[in-house]
Amino acid sequence: QEQENNLSTIKSNKTMSNEIFVAFATQKGGIGKSTITALAANYLHNVKGYNVAVIDCDAPQHSIYGLRDRETKLIDESRYFKALACEHFRKLKRNAYPVIASDAVNALDDAEKLISGEAVKPDIVFFDMPGTLKSNGVVKTLSQMDYIFAPMSADRFVVESTLQFAAMFRNNLMTTGQAKTKGLYLFWTMVDGREKNGLYDVYEDVIADMGLSILSTRLPDS
């Protein structure tokens, strides 16, 4: 609530206008936000040809930034992997997308600095958010997203927590104009093939009654 009240003091002084800000966010940790962020960023950058950037706000673990750091060291220390990397980027005809370690408080400022300093401006900037709204700056940062995707598994606690977050954000921020978010979408992840589809249908009926949107694609637990 305190973070919501502080939203009125936010100054959206972004110099960028064409970039799309996207966040994978939920109140529950361990649901795969960082994994999905990395997969989406890699797919759009390496396969579909978009320029992307990632702001890793999930302090202190910084999973995506840590992975990039380990990859960079591996390439620097190995002629074999250095040759593979050179061949990869030669075929791709583009550099690796930038990954910035930040936190929810400074994420928007760090994104602005990144974009203003990049010769090739990103089309999409992904924000990997902490697993709780209680972290300082999370609500403020989410309010500046163009699109928010909330992953959830078919666990009662996870579903209730995600629905609470989605309803709060929509009712208190999106409908009041305090958030610039154009769309908020739920989606299923960690789907166990042995689970009955009827369970998802029941949940989706509730989601529809709440007026929330859910993607038809379900990501399997694999």
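Before reading on, note that the structure itself is shown above.
What this report covers is the structure whose coordinates are included nearby.

What counts, and where the lines are drawn
Residues numbered from 1 in each chain as written. Predicted model: local features only at pLDDT ≥ 70, side-chain atom pairs only at ≥ 80, totals over all residues. Heavy atoms only, no water. Axes fitted to C-alpha atoms, helices over the stretch in contact; angles between N-to-C directions. Helix = DSSP H or I, 4+ residues; strand = E, 2+ residues; numbered from the N terminus. Parallel < 35°, antiparallel > 145°, perpendicular 65-115°, else oblique. Contact = heavy atoms within 4.5 Å. Nonpolar A, V, L, I, M, F, W, Y, C, P; charged D, E, K, R; others polar. Buried < 20%, exposed > 50% of the residue type's maximum accessible area, 1.4 Å probe, protein only. Core = buried A, V, L, I, M, F, W, Y, C linked by side-chain atoms within 4.5 Å.

**Details of the packing of helix α3 (residues 63-77) against helix α4 (residues 79-92)**
Packed helix pairs are characterised by how far apart their axes lie and by the angle those axes make with each other.
And step 1. In contact at an axis separation of 5 Å, α3 and α4 are set at 110° when each is read in the N-to-C sense. Of the possible angle classes, the one that applies to α3 and α4 is roughly perpendicular. Counted together, L74, I75, D76 and E77 of α3 and R79, F81, K82 and A85 of α4 form the full contact between these two elements.
And step 2. Taken together, the residues of the contact of α3 with α4 sort by class into 4 nonpolar, no polar and 4 charged.

**Details of unusual backbone geometry**
And step 1. The omega angle of the peptide bond from A59 to P60 is 5°, so this bond is cis rather than trans.
And step 2. One can find P60 in the loop between β2 (52-56) and α3.
And step 3. For K93, which is not glycine, the phi torsion reads 60° and is therefore positive.
And step 4. Here K93 falls in the exposed class, since its relative accessible area comes to 76%.

**Thoughts on the nonpolar core**
And step 1. Core analysis: the largest hydrophobic core is formed by 40 residues, its most contacted members being F127, M129, L142 and W188.
And step 2. The element contributing the most residues to this core is helix α7 (residues 156-174), with 7 residues.
And step 3. Contacts of M129, omitting those with residues within four sequence positions, involve A23, F24, A25, K33, C57, D58, A104, V138, T141 and L142.
And step 4. In terms of nonpolar packing, the next biggest core, distinct from the first, is built from 15 residues, V22, A40, V52 and V54 among them.

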